[in-house]
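Per-entry structural report
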Amino acid sequence: EGIDQDLLTFGLFGAVALVVSAIGIFSATLVEAEERTHEIGVRRALGASAARMGWSMVARALGVAFVGGLLGVLGAALIIPILSGPAQDAALFGGVRLTFSPLAALASLGTVVGASGVLGLVPAFRVGRLK
């Protein structure tokens, strides 16, 4: 047997959604860094190191990604049993019964947090270079 095309399609859409989420967090962090240049300048003038300011931006991106990813995982944990309940038509997903996989949920959460952390380094470096 081959790979179920419907499940492959859903998986690809999920992967794209994770990447788009990380890019959204990146752009929000970048905009925040640009809007806070005055505050960052004052903190730097008062002795905050470039590394400390940069890591605060990365930490903020990681926090937003973690909370958003956790809400997504909890939402999936609540919605999947409803979609695959006994009263639902099994043909909705090509006869495949959906189940919540804690391992897949953890992998999804790790992916979005990891990608957001890596992408959060760009605004962090910009903040670190501010005088």
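These numbers come from a predicted model, not from an experiment. (Residues numbered from 1 in each chain as written. Predicted model: local features only at pLDDT ≥ 70, side-chain atom pairs only at ≥ 80, totals over all residues. Heavy atoms only, no water.)

Nonpolar side chains collect at one region of the surface, where Phe66, Val67, Leu70, Leu71 and Leu74 lie side by side and expose about 460 Å² of accessible area between them. Note on valine 67: relative accessible area 48%, which makes it partly exposed. (Patch = residues over 30% accessible without salt bridge, like charges linked within 9 Å, V, L, I, M, F, W, Y side chains within 5 Å. Areas by Shrake-Rupley, 256 points an atom, 1.4 Å probe, with all protein chains shown as cover. Salt bridge = Lys/Arg side-chain N within 4 Å of Asp/Glu carboxyl O. Buried < 20%, exposed > 50% of the residue type's maximum accessible area, 1.4 Å probe, protein only.)

Let's shift gears to the environment of alanine 115. In this structure, alanine 115 sits in helix H4 (residues 102-119). The partly exposed category is assigned to alanine 115, whose relative accessible area is 27%. In the structure, alanine 115 is positioned 54 residues away from alanine 61 in sequence and 9.9 Å away in space, judged by C-alpha atoms. (Helix = DSSP H or I, 4+ residues; strand = E, 2+ residues; numbered from the N terminus.)

Next up on the list: the side chain of threonine 29. Within the secondary structure, threonine 29 sits in helix H1 (residues 5-35). The exposure class of threonine 29 is buried, given its relative accessible area of 4%. A distance of 2.8 Å separates a polar atom in the side chain of threonine 29 from the backbone oxygen of isoleucine 25. With near-sequence residues (within four places) excluded, threonine 29 lies in contact with Met57, Ala61 and Pro123. (Polar contact = N/O pair within 3.5 Å; in protein donor to acceptor, adjacent residues only side chain to side chain. Contact = heavy atoms within 4.5 Å.)

Counting across every chain of the model gives three salt bridges. Here glutamate 32 makes a salt bridge to arginine 36, at a shortest N to O gap of 3.1 Å. Of the charged contacts in the structure, one is a salt bridge between glutamate 39 and arginine 36, with a shortest N-O distance of 2.8 Å. Using a relative accessible area of 36% as the deciding quantity, one classes glutamate 39 as partly exposed. Exposure remark for arginine 36: the relative accessible area of 14% places this residue in the buried category. Within this structure, Glu32, Arg36, Glu39 and Arg60 form a network of salt bridges that share partners.

Okay, the side chain of glutamate 32 next. Tracing the sequence through the fold places glutamate 32 in helix H1. A polar side-chain atom of glutamate 32 sits 2.9 Å from a polar atom in the side chain of arginine 60. Leave out the neighbours within four places in its chain, and glutamate 32 touches Met57 and Arg60.

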